[in-house]
Amino acid sequence: MEAYSNNKIFSQFLMHKDENFVYIKEFPKYIMSNYGRVYSLQRRIPKELKHTNRIGKHSTVILHNDNGKYEKTVYKLIEENFNTRGATYKVSPIFRDGDNRNFTPGNIYYEKKQFKPLPGDIVIKDDNQ
């Protein structure tokens with residue numbers, strides 16, 4: 001497979017000044033940008049993948065590797081490949097403009113949810129709390 005890690009090669013895909021591309025973890029035949037654009041490198045000419053737009057769901061793309069075919073949520077791919085979320089947060093993202101297909105940097109954020117025990121719950125605190 002031809003190496004696409006060279007910035008000169010990635011520059012052909014750039015549409016924004018602050019756009020960055022990386023290989024997708026576990027899917028070495030794909031690259032993605034911090035704007036959510038995903039390209040397949042399986043052909044001679046790289047092809048941009050279309051996002052699915054299911055009503056009430058987040059945008060997804062279909063990726064293939066040696067283990068099979070996977071449908072991956074675009075915002076999760078951004079999280080995993082650009083480390084945009086703290087490891088302790090386990091909540092869905094919040095899109096500042098309300099458009100869950102707008103992956104521009106700064107549009108996605110995570111709100112830390114406060115744990116509220118139910119009556120009768122036993123709460124064990126560690127030293128960090």
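Residues numbered from 1 in each chain as written. Predicted model: local features only at pLDDT ≥ 70, side-chain atom pairs only at ≥ 80, totals over all residues. Heavy atoms only, no water.

Engineer: Whenever I open this one, the environment of Glu26 confuses me. Can you help?
Structural biologist: Mapped onto the fold, Glu26 is located in the loop between strand S1 (21-24) and strand S2 (27-33). Glu26 sits in the exposed class, given a relative accessible area of 64%. In this structure, the C-alpha to C-alpha distance between Glu26 and Asp66, residues 40 residues apart in sequence, is 9.4 Å. (Helix = DSSP H or I, 4+ residues; strand = E, 2+ residues; numbered from the N terminus. Buried < 20%, exposed > 50% of the residue type's maximum accessible area, 1.4 Å probe, protein only.)

Engineer: How should I be thinking about the sheet that holds S2 in this particular structure?
Structural biologist: By way of backbone hydrogen bonds, the strands of a sheet pair with one another, either parallel or antiparallel. What the 4 strands build is an open sheet, ordered S1-S2-S3-S4; its pairing is antiparallel. The sheet is open, and its two edges are formed by S1 and strand S4 (47-48), each paired on a single side. Note: S2 against strand S3 (residues 38-40), 3 bridges, orientation antiparallel. Pairing of Ile31 across the sheet is with Tyr39, part of S3. (Pairing = 2+ DSSP bridges.)

Engineer: Help me understand the side chain of Asn107 in this model?
Structural biologist: Mapped onto the fold, Asn107 is located in the loop between strand S7 (94-95) and strand S8 (108-109). At 3.1 Å, the side chain of Asn107 and the backbone nitrogen of Asp97 are in polar contact. The residues contacting Asn107, other than those within four sequence positions of it, are Ile94, Phe95, Arg96, Asp97, Asp99 and Asn102. (Polar contact = N/O pair within 3.5 Å; in protein donor to acceptor, adjacent residues only side chain to side chain. Contact = heavy atoms within 4.5 Å.)

Engineer: What is the right way to look at the packing of aromatic side chains in this model?
Structural biologist: Aromatic rings in a pair are described by how distant their centres are and how their planes are angled relative to each other. Under the criterion given, the structure shown has 4 aromatic pairs. For the ring pair Phe27 and Tyr30, a centre distance of 6.4 Å and an interplane angle of 75° mean the geometry is edge-to-face. For the pair Phe27 and Tyr30, a shared accessibility class is recorded, and that class is buried. Ring plane angle 75° and centroid distance 5.7 Å describe the contact between Phe27 and Tyr70, whose orientation is recorded as edge-to-face. (Phe/Tyr/Trp six-rings, centres within 6.5 Å; stacked < 30°, edge-to-face > 60°.)

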